[in-house]
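Architecture at a glance
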Protein chains: 2
Amino acid sequence: MAAAVAASQAALFKSPFQSLDSCDEQKSVKFRSTFHGSRRISKAAGWSRHLLARQQHRITCSVNAPSPAQAPPLPKGAECYGVFCVIYDLKEEEKPKSWKKKLVRVAVSGAAGTISNHLLFKIASGEVFGPDQPVALNLLGSERSKEALEGVAMELEDSLYPLLREVIIGIDPYEVFRDAEWALLIGAKPRGPGMERADLLDINGQIFAAQGRALNEVASSNVKVVVVGNPCNTNALICMKNAPRIPSKNFHALTRLDENRAKCQLALKAGVFYDNVSNVTIWGNHSTTQVPDFLNAKINGRPVKEVITDHKWLEEQFTPTVQTRGGVLIKKWGRSSAASTAVSIVDAMKSLVQPTPPGDWFSSGVYAAGNPYGIDGDLVFSLPCRSKGDGDYEIVPGLHIDKYLYERIKKSEDELIAERKCVAHLIGEENGFCDLPGGDTMLPGEQ
Amino acid sequence: MAAAVAASQAALFKSPFQSLDSCDEQKSVKFRSTFHGSRRISKAAGWSRHLLARQQHRITCSVNAPSPAQAPPLPKGAECYGVFCVIYDLKEEEKPKSWKKKLVRVAVSGAAGTISNHLLFKIASGEVFGPDQPVALNLLGSERSKEALEGVAMELEDSLYPLLREVIIGIDPYEVFRDAEWALLIGAKPRGPGMERADLLDINGQIFAAQGRALNEVASSNVKVVVVGNPCNTNALICMKNAPRIPSKNFHALTRLDENRAKCQLALKAGVFYDNVSNVTIWGNHSTTQVPDFLNAKINGRPVKEVITDHKWLEEQFTPTVQTRGGVLIKKWGRSSAASTAVSIVDAMKSLVQPTPPGDWFSSGVYAAGNPYGIDGDLVFSLPCRSKGDGDYEIVPGLHIDKYLYERIKKSEDELIAERKCVAHLIGEENGFCDLPGGDTMLPGEQ
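It should be emphasised that the depicted structure is a prediction, and the values quoted were computed from it without experimental measurement.

Quick look at the overall build of chain A now. Helix and strand counts for chain A come out as 13 helices and 15 strands. The 447 residues of chain A split such that 63% are buried. Roughly 16,600 Å² of accessible area belongs to chain A as shown, and the carbon and sulfur atoms make up 53% of that amount.

It is worth spelling out the sheet that holds strand E2 (residues 104-109) of chain A at this point. Residue and element names in this part refer to chain A. Strands sit in the order E1-E4-E3-E2-E5-E6-E7-E13-E14-E15 across an open sheet of 10 strands; the sheet is mixed. Each edge of the sheet is formed by a strand with only one pairing partner; in this case those strands are strand E1 (78-80) and strand E15 (394-395). Here E2 pairs with strand E3 (residues 135-140) via 6 bridges, running parallel. Bridged to Ala107 within E3 is Asn138.

Here we take up the relation of the copies chain A and chain B. When chain A is fitted onto chain B, the two copies agree to an RMSD of 0.0 Å after a turn of 180 degrees and an axial shift of 0.0 Å. Overall, the copies show the geometry of a two-fold rotation axis. Closest to the rotation axis within chain A is the C-alpha of A:His118, separated from it by 3.4 Å. Most of the interface of chain A is mirrored in chain B, where 99% of its interface residues again form contacts.

Every contact between the two is made by 80 residues of chain A and, on the other side, 80 residues of chain B. Buried surface at the junction of chain A and chain B, both sides included, amounts to about 7,000 Å², of which 55% is carbon and sulfur. Taken together, the links from chain A to chain B amount to 10 salt bridges. Between A:Lys332 and B:Glu150 there is a salt bridge, with the nearest N and O atoms lying 3.2 Å from each other. A per-class count over the side of chain A that touches chain B returns 36 nonpolar, 21 polar and 23 charged.

Glancing now at the sheet that holds strand E11 (residues 298-299) of chain B. Sheet strands pair via backbone hydrogen bonds, and the direction of the pair is either parallel or antiparallel. Residues and elements named next belong to chain B. Reading across from one edge, E8-E11-E12 is the order of the 3 strands in this open sheet, with antiparallel pairing throughout. With one partner strand each, in any of the chains shown, strand E8 (277-278) and strand E12 (302-303) form the two edges of the open sheet. Pairing geometry for E8 and E11, over 2 bridges, is antiparallel. Bridge pairing links Val277 to Ile299 in E11.

Mapped onto the present numbering, the UniProt feature "domain: Lactate/malate dehydrogenase N-terminal" (unreviewed entry) falls on residues 104-252 of chain A. Between the C-alpha atoms that bound residues 104-252 of chain A the distance is 18 Å, and the span itself is 41% helix and 19% strand.

Attention now moves to the UniProt feature "domain: Lactate/malate dehydrogenase C-terminal" (unreviewed entry) in chain A. With numbering aligned to this structure, UniProt lists the feature "domain: Lactate/malate dehydrogenase C-terminal" (unreviewed entry) at residues 255-425 of chain A. A helix fraction of 46% and a strand fraction of 16% characterise residues 255-425 of chain A, whose end C-alpha atoms lie 25 Å from each other.

Another aspect to go through is empty space enclosed by the protein. Residues and elements named next belong to chain A. Considering all chains together, one arrives at 11 cavities of 30 Å³ or more under this definition. There is about 80 Å³ of room inside the largest cavity. Of the residues forming the lining of the largest cavity, the biggest block, 4 residues, is contributed by strand E13 (residues 362-367). Here the lining of the second largest cavity is composed, by residue class, of 2 nonpolar, 3 polar and 2 charged.

Note: most peptide bonds trans; most residues except glycine with negative phi. The omega torsion of the bond from A:Asn230 to A:Pro231 falls at -5 degrees, within 30 degrees of zero and hence cis. Take A:Pro231: it is sitting in the loop between strand E6 (224-227) and helix H8 (232-241). Although it is not a glycine, B:Asn300 adopts a positive phi angle of roughly 50 degrees. The residue B:Asn300 is located in the loop between E11 and E12 in this model. Overall, the relative accessible area of 46% leaves B:Asn300 in the partly exposed class.

The next thing to look at is the pattern of salt bridges. All names here are of chain A. The final tally for this structure, using the stated rule, is 50 salt bridges over all chains. Lys146 is the salt-bridge partner of Glu143, the closest N and O atoms lying 3.2 Å from each other. For Lys146, a relative accessible area of 16% puts it in the buried group. Its salt-bridge partner being Lys263, residue Glu259 comes within 3.1 Å of it at the nearest N-O pair. Separated by 4 residues within a single helix, Glu259 and Lys263 lie in helix H9 (residues 256-270), roughly one turn from each other. Taken individually, Glu259 and Lys263 each receive the classification buried, so the pair is uniform in this respect.

Conventions and cut-offs
Residues numbered from 1 in each chain as written. Chains lettered and ligands numbered in written order. Predicted model: local features only at pLDDT ≥ 70, side-chain atom pairs only at ≥ 80, totals over all residues. Heavy atoms only, no water. Helix = DSSP H or I, 4+ residues; strand = E, 2+ residues; numbered from the N terminus. Buried < 20%, exposed > 50% of the residue type's maximum accessible area, 1.4 Å probe, protein only. Areas by Shrake-Rupley, 256 points an atom, 1.4 Å probe, with all protein chains shown as cover. Pairing = 2+ DSSP bridges. Least-squares fit on C-alpha atoms with pLDDT ≥ 70 in both. Contact = heavy atoms within 4.5 Å. Buried area = accessible area lost by both parts, 1.4 Å probe. Salt bridge = Lys/Arg side-chain N within 4 Å of Asp/Glu carboxyl O. Nonpolar A, V, L, I, M, F, W, Y, C, P; charged D, E, K, R; others polar. UniProt positions renumbered as here; feature names shortened; annotations may be inferred. 1 Å grid on protein atoms, 1.4 Å probe; cavity = no way out; pocket = protein on both sides within 12 Å on 5 of 7 lines; lining within 4 Å. Points joined across faces, edges and corners; volume = space filled by probe spheres on them.

Following this line, the structure appears as structure tokens:
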């Protein structure tokens, strides 16, 4: 009952071209009379009511309504939700005079999942793009999560975030990714019981290949893509290879949570607060072969090895502590680290839209082409990066690589090369074969 | 293994009085040698390692260490966690020159729950108190949620929020609430199968009576208390009556989520964006007897009844839509509305620390003594409030109460009076008896 009420309410909206007062009642009546019939014939039954309502409305309020040419195109198979179907014109609005006049459109896959449940509210609150940047959220779910996605949209409605001006929900990436300037690819299949890493690579690889093709076709040509779903480096590579229209350097695999954890562990060991730790790199794959770099990291501007004199700890315990953090957390907390993962996604995005502090850098899994460290360029590899805050970045050169680091980075590189061979069929290459280096290198807490 | 490593790391900390370099190794060794023996004799076994480490450290680094008189007192049975055990002096720190020099200390009960899992990160990010206000979080869990609480603290560590300077975890409210300037009381027992509302009132009433006594004894004398755990109005009344040292007007029961939902529904119906809706009051109890007020509410500055001419909808469907929202959401989403509840707690807090926009108001369940609407003053009743942003508020007088509103407000008042009689034994009154008005008035999705 209440759901039906909400649905019928969602039919009402306002465009800057229309007079609300003259159309209000008509709209309501007209909508209700066509609602049930229309939804049955829609492709995505039950999801297109807002779309239909909006189309219907254009006819009803004909006096001041925009011509079809003027009306913003609405994708099929993806729809605005509830109050977010209200059309407005940021340029004409009185209220947010200091706001930027163009929305940032962020598409999120796995939008009904727990990481997104933290992340979406952060983006909506202005935490990523600032208090003057209105945002649109395009939420991608699956057939199975459709209802949950509506629940997420309802909670976003109830949060009354002024900056959140549009929410679109859908299950077709070709619709949901349309015009996205950011794509946060969080959704991935978790590994089932007895599933090998190779199987997971293939199953998720298929998803990211399809999403890459969709991004290639419908997203903004300069869309920034952050891949969170695991195995994220190789998923990002697959996605990138399937989206040739989008610059390769726009694809990122999230290693920021690893960086944040590494910073915290160094701070703990040194007995300082975490904001005194800088220049931490995660090299390589987001797996147990990842290399948290204490050689180039700094504490209060001094090399870590000068401040932390327990080098045995650095060499033997620091890395496993960072890597097993997720597993320890699951054990204590009973759930995976959704909240801090979401925080690290926000950090990763902010690192691209805010200038990197002078002398510092951040880690991101990026396409390694032309990297100054001799790493195979045809991989998505976590490297030290810095940004002017324009959404772009450069790989920071000149870090010191000693024998300890070199050996470990090489191992992570070998793993990523082996993963690439496993997914050759998904990146347009031939002669693929799957022979991953020994042992399971999934990070604990992510299986 | 990793947990043990983290624990031993947590022993190291730095005070502004000490030279890190000269003490680092000593601290580490000293701590490890005393760790296992000491924790066994501690009252809250396994929880006091940071406390012990801190005490130990004062002896070890004696040259520059503060005298016991200088050292900040650490409560027993509640402890700093991990990197948050680092002692620092905001006044002396170089970095945050523009920051306020005094922490805001926020205590949160039910800190390992899902609402807190959203809320804590918002507070830590500066969303409530602003980007220049460092914060401390004192997290209260239960015997059962101890480990989970450590998990929460770990995620807060990994989030590297610069403003979050202290995290204390514990299970004893007399320790965790110490010096709190805000107490967000979220933890409450959920209603089990077959449990009557009267049983729930008693079970949770006991908890809030105990927490009120603890606040009375150890919290800041001007602590602001926001009660979220249900039945929140009567829980807030119980808490207040058990904390006579704290001003009665400092106690709030959360009805902000109801207000937010009401605003959104009015926006949807009117076809406007939610930021055009103002002056929405929730009157009464946070239950199905609550009264979302469309009579005094405004859309674009005009009375709602002028803008929404479908008065039948306002009178018959608006209120149930607001009230059943949580239930609809659970059905769709499979979980309760933790994210938007956390948002509404943030809103409620911000409404007290930021001036209310001129002419507007917000809803909060407050002690009704001296209210200008003739409502029983000895209740915690949701009323229209406004604030100068100093943490305090006043009840807004002069709202128009018509027959429709009056009857409904009366019903909610009657319910709260009946609840008060049920909990007479918890608020120092005699002749209590429990005879709640007919029907179950728990909000759907909160049982």
